[in-house]
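Structural overview for review
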Amino acid sequence: GNISRSAAPGEAAVSYRVFRDGVELRPEDLPAQRATATGRPVPAFEMELVFPNDRRLNLLAGAVPLFDGEGKVRGAIVAGLDVTPLKRAQEELRLAEERARFALEAGQMGTWDHVMPDGPTVWNEDHYRILGYDPAQITASKEAWEARVHPKDLPAFYESISRALKEGGDFDEELRIVWPGGEVR
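Residues numbered from 1 in each chain as written. Predicted model: local features only at pLDDT ≥ 70, side-chain atom pairs only at ≥ 80, totals over all residues. Heavy atoms only, no water.

Per the secondary structure count, the chain includes five helices and seven strands. The C-alpha radius of gyration of the chain comes to 28 Å, more than 25% above the 16 Å expected for a compact globule of 185 residues. Each of the three principal axes of the chain carries a C-alpha extent, and together these read 80 × 40 × 35 Å. Burial status across the chain gives 25% buried among its 185 residues. With an accessible surface of roughly 12700 Å², the chain has 54% of that area assigned to carbon and sulfur atoms. Looking at charge distribution, the chain has the averaged site of its 23 positive side-chain charges lying 5 Å from that of its 31 negative ones. (Helix = DSSP H or I, 4+ residues; strand = E, 2+ residues; numbered from the N terminus. Rg over C-alpha atoms; globule rule 2.2 N^0.38 Å. Buried < 20%, exposed > 50% of the residue type's maximum accessible area, 1.4 Å probe, protein only. Areas by Shrake-Rupley, 256 points an atom, 1.4 Å probe, with all protein chains shown as cover. Lys, Arg positive; Asp, Glu negative; His and termini not counted. Charge placed at Lys NZ, Arg CZ, Asp CG, Glu CD.)

Encoded structure:
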């Protein structure tokens, strides 16, 4: 059936509204209509279709003009991809990350991520605090972390990581932290 937003009244089988970044688009702003009006391709962009029953569909769509034998624009070819499942997954991931961040902040737990063996390192704010660092004054790194861990605790820590990587599973190691003034925590 015809679902075109620019169809004559009564010709469209389905009615819906189209939004881009929360702003409703006029029919002439849709990819097919723009490609037809300008004779130029319209790069794909994301839009949200909202149907009368409030069903929503996220669509990534673009268009290229279609020319007749004389080089005149006679229409457009539209390609669209339903990205609704992707948008839902992205929102679920965003909410899960927000909940995890909230739980870590509430528990004042330091977390870190290090790509083995010599990749980048990322610390959360509480990890800086636990190590006695000011986040504005130092970049998270394996070396900065090692500088705060009590030297006698490092071998056991690395052995624990090595064992976990070889055998699988978690590692649980308690470490002493040496703060700038020499205080051991």
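When you line up the elements, T84 lands in helix α2 (residues 84–107). Sequence spacing of T84 and P31 is 53 residues, and the spatial spacing of their C-alpha atoms is 19 Å. Setting aside its immediate chain neighbours within four residues, T84 contacts R56, L57 and N58. (Contact = heavy atoms within 4.5 Å.)

Turning our attention to the pairing of strand β4 (residues 56–67). Looking at chain direction, strand β3 (residues 42–50) and β4 are connected through seven bridges and run antiparallel. Bridging across to β4, E48 finds its partner in N58. Relative to strand β5 (residues 73–82), β4 runs antiparallel, the two being bridged by nine bridges. Considered in β5, the bridge of A61 is made with G80. (Pairing = 2+ DSSP bridges.)

Here we come to the nonpolar core. V18, M47 and L49 are the most contacted members of the largest nonpolar core, which has 14 residues in total. If you look at the next biggest cluster of nonpolar residues, it comprises twelve residues, including L131, A140, I161 and I177. (Core = buried A, V, L, I, M, F, W, Y, C linked by side-chain atoms within 4.5 Å.)

A few words now on the pairing of β3. Each regular strand carries side chains that alternate between the two faces of the sheet. Here strand β1 (residues 17–20) pairs with β3 via three bridges, running antiparallel. By the bridge assignment for β3, R17 is matched with V50.

Taken as a whole and assessed by the stated rule, the structure comprises twelve salt bridges. R26 serves as the salt-bridge partner of E28, at 3.4 Å between the closest nitrogen and oxygen. With a relative accessible area of 43%, E28 lands in the partly exposed category. For R26, a relative accessible area of 47% gives the class partly exposed. Among the charged side chains, a network of salt bridges with common partners joins R26, E28 and D29. (Salt bridge = Lys/Arg side-chain N within 4 Å of Asp/Glu carboxyl O.)

By the secondary structure assignment, S141 is in the loop between α3 (125–131) and α4 (142–148). A distance of 2.9 Å separates a polar side-chain atom of S141 from the backbone nitrogen of A144. Setting aside chain neighbours within four positions, we find S141 in contact with T121 and W123. (Polar contact = N/O pair within 3.5 Å; in protein donor to acceptor, adjacent residues only side chain to side chain.)

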